[in-house]
There are 2 protein chains.
Amino acid sequence: MSFRPDPVQPANDDARTTVRALLALGHAALAWQDPDTGAPGISRIAFARDPEAGLLTLVSGLAPHFRALRDRPDCALMLGEVGDKGDPLTHPRLMIRARAGFVAPDAPERPALRDRWLQRNPKAAIYIDLPDFAFVRLTPVSALLNGGFARAFHVAPEDL
Amino acid sequence: MSFRPDPVQPANDDARTTVRALLALGHAALAWQDPDTGAPGISRIAFARDPEAGLLTLVSGLAPHFRALRDRPDCALMLGEVGDKGDPLTHPRLMIRARAGFVAPDAPERPALRDRWLQRNPKAAIYIDLPDFAFVRLTPVSALLNGGFARAFHVAPEDL
């Protein structure tokens, strides 16, 4: 039996600082499964780390991932911008495997969650209360920070 | 039976111009399926639209999507940068459903493909010939351009 060391290290303080910066971004890429075929789909989503509800997005009923997340809640998100310079693969990004859970329109926590979302995204006032929009919690299962070649770290869900 | 019109329009000339600009980007987000569980995974990938081979990436054997693409070739990619200003969801992005196919190390087309990749990414010379790196073709199945709210277009695979 051959032994191959895990190339991914446990997160250290530097890695956790990078994770916090990435979680402050307002958008992410979301990987989901087609509810009919199971094939992978991908979307850009609005994102926030809410202090009470955790990782959160707001989804339109017209978006293809709306029904996907409702029918097949396993998903994955990636946070991170590519800067102007250098190899795009050297810029840090955080990949999170998660399970989606819709927040009901009459959930007791929704009003506070809605207010905090609008503080961060005032322009969302135009559509936030439309009947086909819903908040979706993205509960993390596992996470990986990639800070460039040979700089990968496991991040515990409780550190998100 | 209720009739709901498709909110996505066929691509026009403006849309095709945006598509060409997005295909010139050097990186993408890739959605794939975990080969063991089928759960969605996501990665940042190096990307190029090669004039002969079409949509292309170069993957390390250490990347989690290497085995995923080999075992389950259905995938989806997203191209597009989020600018500094405004709502991130108003910036254009192109979503492509694709099937992955590995280019064999001894494939007759590989030397020309490798040369063109290095012209665009000279720094890849450090790793391009390592034995666990492989070129992967991403053959498009369907595509959607989202240019912001209510500006979505179907893009034919032959327009990619």
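See above for the structure.
This one's a predicted model, so the numbers in the text were calculated from it and none came from an experiment.

Focus: the interface of chain B and chain A
On the chain A side, the residues contacting the 40 residues of chain B number 40 residues. When the two sides are added together, the surface that chain B and chain A hide from each other amounts to roughly 3,200 Å², 64% of it contributed by carbon and sulfur. The largest per-residue losses of area from chain B upon contact with chain A belong to Pro40(B), Ile42(B) and Arg44(B), which jointly make up 26% of the total buried on that side. One can count two salt bridges joining chain B with chain A. Of the charged contacts, one joins Asp34(B) and Arg97(A) as a salt bridge, the two residues approaching to 3.0 Å between their closest N and O atoms. Counting across the chain B and chain A interface gives eight residue pairs in polar contact (both at pLDDT 80 or more). Elements supplying a minimum of two residues to the side of chain B that touches chain A: strand E2 (27–33), strand E3 (40–46), strand E6 (74–79) and strand E7 (93–102) of chain B. Tallied by class, residues from the side of chain B that touches chain A come to 22 nonpolar, nine polar and nine charged.

A closer look at the relation of the copies chain B and chain A
With an RMSD of 0.0 Å, the fit of chain B onto chain A corresponds to turning through 180° and sliding 0.0 Å along the axis. Read as a symmetry element, the transformation amounts to a two-fold axis. Within chain B, the C-alpha atom positioned nearest to the axis of rotation is that of Ala31(B), 2.6 Å from it. Both copies contact each other with a shared surface, as 100% of the interface residues of chain B are interface residues in chain A too.

A look at empty space enclosed by the protein
Inspection of every chain in the model, using the stated rule, returns one cavity of 30 Å³ or more. Within this model, the largest cavity holds a volume of roughly 260 Å³. Surrounding the largest cavity, 19 residues form its lining, Ala29(A), Arg44(A), Gly80(A), Arg44(B) and Gly80(B) being those nearest its centre. For the lining of the largest cavity, the secondary-structure elements that each account for two or more residues are strand E2 (27–33) and strand E6 (74–79) of chain A together with E2 and E6 of chain B. Among the residues forming the lining of the largest cavity, the class breakdown is 11 nonpolar, four polar and four charged.

What about helix H3 (residues 110–120) of chain A?
All names here are of chain A. Where H3 is concerned, the buried positions are Arg110, Leu113, Trp117 and Leu118. Projected down its long axis, H3 carries its buried residues within an arc of 135°, all on one side. Against the buried residues of H3 lie strand E3 (40–46), strand E4 (48–50), strand E5 (54–60) and strand E8 (133–146).

Comments concerning the pairing of E6(A)
All names here are of chain A. Counting buried positions along E6 yields five of six residues, so the element is predominantly enclosed. Taken together, the three bridges between E2 and E6 define a ladder with antiparallel strand orientation. Counted as the bridge partner of Leu30 is Leu77 from E6. With six bridges connecting them, E6 and strand E7 (residues 93–102) associate as antiparallel partners. Bridging from a neighbouring strand, Met78 pairs with Met95 of E7.

Re the side chain of Arg44(A)
Structurally, Arg44(A) is set in strand E3. Although Arg44(A) is buried, it forms no salt bridge, and the closest oppositely charged side chain is Glu81(B) at an N-O distance of 6.7 Å. From its side chain, Arg44(A) meets the backbone oxygen of Gly80(B) in a polar contact 3.0 Å long. A distance of 3.2 Å separates a polar side-chain atom of Arg44(A) from the backbone oxygen of His91(B). For Arg44(A), the residues in contact, after removing those within four places along its chain, are Ala28(A), Met78(B), Gly80(B), Glu81(B), Val82(B), Pro88(B), Leu89(B), His91(B), Pro92(B) and Arg93(B).

So, helix H1 (residues 13–23) of chain B
Residue and element names in this part refer to chain B. When we look at burial in H1, the residues that qualify are Ala15, Val19, Leu22 and Leu23. On an axial view of H1, the arc spanned by its buried residues comes to 95°, and they lie on one face. Residues Asp13, Asp14, Arg20 and Ala21 are exposed on H1 and point more than 90 degrees away from its buried face. Residues of H1 that are buried in the fold lie against strand E4 (48–50), strand E5 (54–60), E6, E7, strand E8 (133–146) and strand E9 (152–155).

Remarks on the pattern of salt bridges
Evaluated as defined, the whole model comprises 24 salt bridges over all chains. A salt bridge links Asp129(A) to Arg110(A); its shortest N-O distance comes to 3.8 Å. With Asp129(A) in the loop between H3 and E8 and Arg110(A) in helix H3, the pair connects residues that are 19 residues apart, well separated along the chain. The exposure class assigned to Arg110(A) is buried, which follows from its relative accessible area of 14%. We note a salt bridge from Glu109(B) to Arg137(B), for which the minimum N-O separation is 3.0 Å. Of the two residues, Glu109(B) is situated in the loop between E7 and helix H3 (110–120) and Arg137(B) in strand E8; the sequence distance between them amounts to 28 residues. Since its relative accessible area comes to 33%, Glu109(B) is described here as partly exposed. Among the residues examined, Arg137(B) registers a relative accessible area of 24% and is labelled partly exposed.

About the thresholds
- Residues numbered from 1 in each chain as written.
- Chains lettered and ligands numbered in written order.
- Predicted model: local features only at pLDDT ≥ 70, side-chain atom pairs only at ≥ 80, totals over all residues.
- Heavy atoms only, no water.
- Contact = heavy atoms within 4.5 Å.
- Buried area = accessible area lost by both parts, 1.4 Å probe.
- Salt bridge = Lys/Arg side-chain N within 4 Å of Asp/Glu carboxyl O.
- Polar contact = N/O pair within 3.5 Å; in protein donor to acceptor, adjacent residues only side chain to side chain.
- Helix = DSSP H or I, 4+ residues; strand = E, 2+ residues; numbered from the N terminus.
- Nonpolar A, V, L, I, M, F, W, Y, C, P; charged D, E, K, R; others polar.
- Least-squares fit on C-alpha atoms with pLDDT ≥ 70 in both.
- 1 Å grid on protein atoms, 1.4 Å probe; cavity = no way out; pocket = protein on both sides within 12 Å on 5 of 7 lines; lining within 4 Å.
- Points joined across faces, edges and corners; volume = space filled by probe spheres on them.
- Buried < 20%, exposed > 50% of the residue type's maximum accessible area, 1.4 Å probe, protein only.
- Arc of directions from axis to C-beta.
- Pairing = 2+ DSSP bridges.
- Lys, Arg positive; Asp, Glu negative; His and termini not counted.

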